[in-house]
Amino acid sequence: MRTRLQTWSLLVGATAVLALPMTSWAQLTQADFETRIGMESHVGNITGHAKDAKGDYRRYCVVCHGDNGDGNGESFPWVDPKPRDFQLGIFKCRSTPTGTLPTDEDLFNTIARGMDRSNMPQWSTFTKQERADLVAWVKHFSPRWTNEKPGTPITIPPEPEITPERIKAGRDVFARVQCWKCHGVLGQANGPSASTLQDDLGRPIAAFNFTEGARPKCGDTDRDIYRIFMTGLDGTPMPSFADNIKPDEAWDLVFYLRTLMKQHSKEKEMAKQLGLKPVDPNAPAGQQ
Amino acid sequence: MRNRYRYSALLSVVVLTCCAALFLGQHVNAAGEGKITGTVKLDGAAPHMKGIDMSKDPYCSKAHANDTPHLESVLAGANGGLENVVLYISDWSGPATASTAVPVFDQKNCMYTPHVLAMDVGQTFKVTTSDQTTHNIHPLPNPMTGNIPWNQSQPPGAAPVEKSWKAVEVIPVKCNIHPWMNGWYVVVKGPYATTDENGNYTINGVPPGNYTVTAWQETYGTQTAKVTVAAGGAGTADFTFKAK
């Protein structure tokens, strides 16, 4: 009797000791997901339910993002950029500050927009309800949505009128915060640091090339571009500039970035008339 | 059956006593805080620290016109003392030490100063820049621990960034713009210290009790030692890492 008890208590003790670190460090298990299957999303007046998205996810998303949402689906080896690991809860396209969770609306927009120059297509074919359900499903993969709240979206002031002065001022911001270190003085993604960039998982990653006619990954409206450099793209080398660019200057920078883009724009026209030259990387700080 | 109940009762008493003993040992006799001191040494020849080519950023290479910057993963002094080793009490069961000190992590001449910054859970630290070139400060914790990665730019003259961490973790930090820049945030709970250039350290503010002290070195990993601190006294723990 006694020996049996001793064996049992040893076994229970050993299991407990082994299980303790596992709960926090190991891959999340199916049971973890089950506890969060009640996850909801709220976009406008639509409420999304994780459990309703299971079918859509398994049909359309699982091949890249994987059964457990860890981005390790069957197609993982063949796609680049790699599929997002939803378990980490780290997303590029956010309206919220760096280091915080995105809002439900951010994820909702990303699904519809897709990711330019990646294998993530535009999923505008889904109904809004289906998309909201998928947002809830994406959230249910990470314990972070149980433990944390999304960040507070940054405030974007109304877009001012585009003027030559603002474009010139935007060029000064581009020079001062040294966007060219990665993006290059002409926006060709050939700055001195471009060739060594890595994402958070140590994989090579390219800076955005403004001159190829590509759309920025997190949207190509003026407000999207404003948001991209103010919140940063988490998981990538692109940092947040919110502490170092004032809201008014941020609009100037948006206008200047438009002059670098291949697409025709009012800004490009104005820059041409101004005879605006690219920034000089060798000029001392503050003297352009 | 009755025998089993008696056994489990006995077991509970033993467990509770042990817990109480542990708890009392570290907290109740808080009269007169002591300290833990010691030296961390490297046994053997220090590995060669590769030089860093900073020519991609003229500001950085100019800042090192009169010296050769090199990696800092093993910094051993003339007497074999190891710098940048973090020492902390790994079985600390009290709250995080409420230190009001704000450790500073500076970006200077395109290197991190210090290379290793220790801090307490919840302690505010400050990231500053002394450079006339843009850096991005990008810590990479594991988000599953509760520490969330972030990535902020610091152009020349940028205001300091103030942050803190929620959980115990060794966090690598890097600058994507200058890929040679890497450093560490060592987040611990309770009193801690970092070795100086001779490998010496002093952990202050340690209440009397029995402790396990852990020494963390970025290349060689961790070592532990048992230390007893008497009221107002000093415990000693020396460590030796074998050169690889």
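Predicted model only: the values in this text are computed from it and were never measured.

**Student:** Before we move on, can you summarise the overall build of chain A with the specific residues and values?
**Tutor:** Each helix and strand in chain A was counted, giving 11 helices and two strands. Helices (α) and strands (β) of chain A occur, in sequence order from the N terminus, as α-α-β-β-α-α-α-α-α-α-α-α-α. Counting all 288 residues of chain A, 41% fall into the buried class. Residue pairs at least 24 apart in sequence account for 62% of intrachain contacts in chain A once pairs closer than 6 positions are excluded.

**Student:** Help me get a handle on the domain arrangement of chain A, residues and values and all.
**Tutor:** All names here are of chain A. According to the domain assignment, chain A contains domain 1 (30-147) and domain 2 (164-274). Between the C-alpha centres of domain 1 and domain 2 there is a distance of 27 Å. Of the residues lining the interface, 14 residues belong to domain 1; the matching set on domain 2 comes to 15 residues. Of the residues that constitute the side of domain 1 that touches domain 2, the class distribution is five nonpolar, three polar and six charged.

**Student:** Give me the lowdown on the interface of chain B and chain A, citing residues and values where you can.
**Tutor:** Each partner contributes to the interface: chain B provides 27 residues, whereas chain A provides 30 residues. Mapped by element, the contributors of at least two residues to the side of chain B that touches chain A are helix H1 (2-27), strand S7 (135-139) and strand S8 (152-154) of chain B. Among the elements that line the side of chain B that touches chain A, the one with the most residues is H1(B), at four residues. Taken together, the residues of the side of chain B that touches chain A break down into 15 nonpolar, nine polar and three charged.

**Student:** Explain the sheet that holds strand S4 (residues 111-113) of chain B to me, using residue names and the numbers behind them.
**Tutor:** Note: strands within a sheet are paired through backbone hydrogen bonds, in either parallel or antiparallel orientation. Residues and elements named next belong to chain B. Taking strand neighbours across the sheet as the criterion, the four strands line up as S4-S3-S6-S9 in an open arrangement whose pairing is mixed. Of all strands in the sheet, those with a lone pairing partner are S4 and strand S9 (161-163), marking the two edges. Neighbour-to-neighbour, the strand axes of the sheet open up by a mean angle of 20 degrees, direction not taken into account. Sheet topology places strand S3 (residues 104-108) next to S4; three bridges connect them, and they run antiparallel. The residue bridging Gln107 from the neighbouring strand is Tyr112, located in S4.

**Student:** Tell me about the pairing of strand S11 (residues 182-188) of chain B, and name the residues and values.
**Tutor:** All names here are of chain B. Most of S11 sits out of view: six of its seven residues are buried. The pairing of strand S5 (residues 116-120) with S11 spans five bridges and is classified as parallel. By the bridge assignment for S11, Asp120 is matched with Val188. Relative to S11, strand S10 (residues 169-174) is paired through six bridges, and the arrangement is antiparallel. Of the residues in S11, the one forming a bridge with Glu169 is Val187.

**Student:** Which residues make up helix H4 (residues 104-113) of chain A, and what are the values?
**Tutor:** All names here are of chain A. Of the positions making up H4, those classed as buried are Asp104, Asp106, Leu107, Phe108, Thr110 and Arg113. The secondary structure elements touched by the buried residues of H4 are strand S1 (40-43) and helix H5 (128-140). Count one or two residues on from H4 and you reach Gly114, which has phi positive near 70 degrees.

**Student:** Quick one: what's the story with unusual backbone geometry, residue by residue and with numbers?
**Tutor:** Backbone torsion omega between A:Asp80 and A:Pro81 reads 0 degrees, so that peptide bond is classified as cis. Look at the link from B:Thr113 to B:Pro114: it is a cis peptide, with omega at 0 degrees. The topology assignment puts B:Pro114 in the loop between S4 and S5. Residue A:Arg117 is not a glycine yet carries a positive backbone phi of 60 degrees. Counting through the fold element by element, A:Arg117 comes out in the loop between H4 and H5.

Basis of the calculations
Residues numbered from 1 in each chain as written. Chains lettered and ligands numbered in written order. Predicted model: local features only at pLDDT ≥ 70, side-chain atom pairs only at ≥ 80, totals over all residues. Helix = DSSP H or I, 4+ residues; strand = E, 2+ residues; numbered from the N terminus. Buried ≥ 20, exposed ≤ 12 C-beta atoms within 10 Å, placed from the backbone. Contact = placed C-beta atoms within 7 Å. Domains from an automatic or database assignment. Nonpolar A, V, L, I, M, F, W, Y, C, P; charged D, E, K, R; others polar. Pairing = 2+ DSSP bridges. Axes fitted to C-alpha atoms, helices over the stretch in contact; angles between N-to-C directions.

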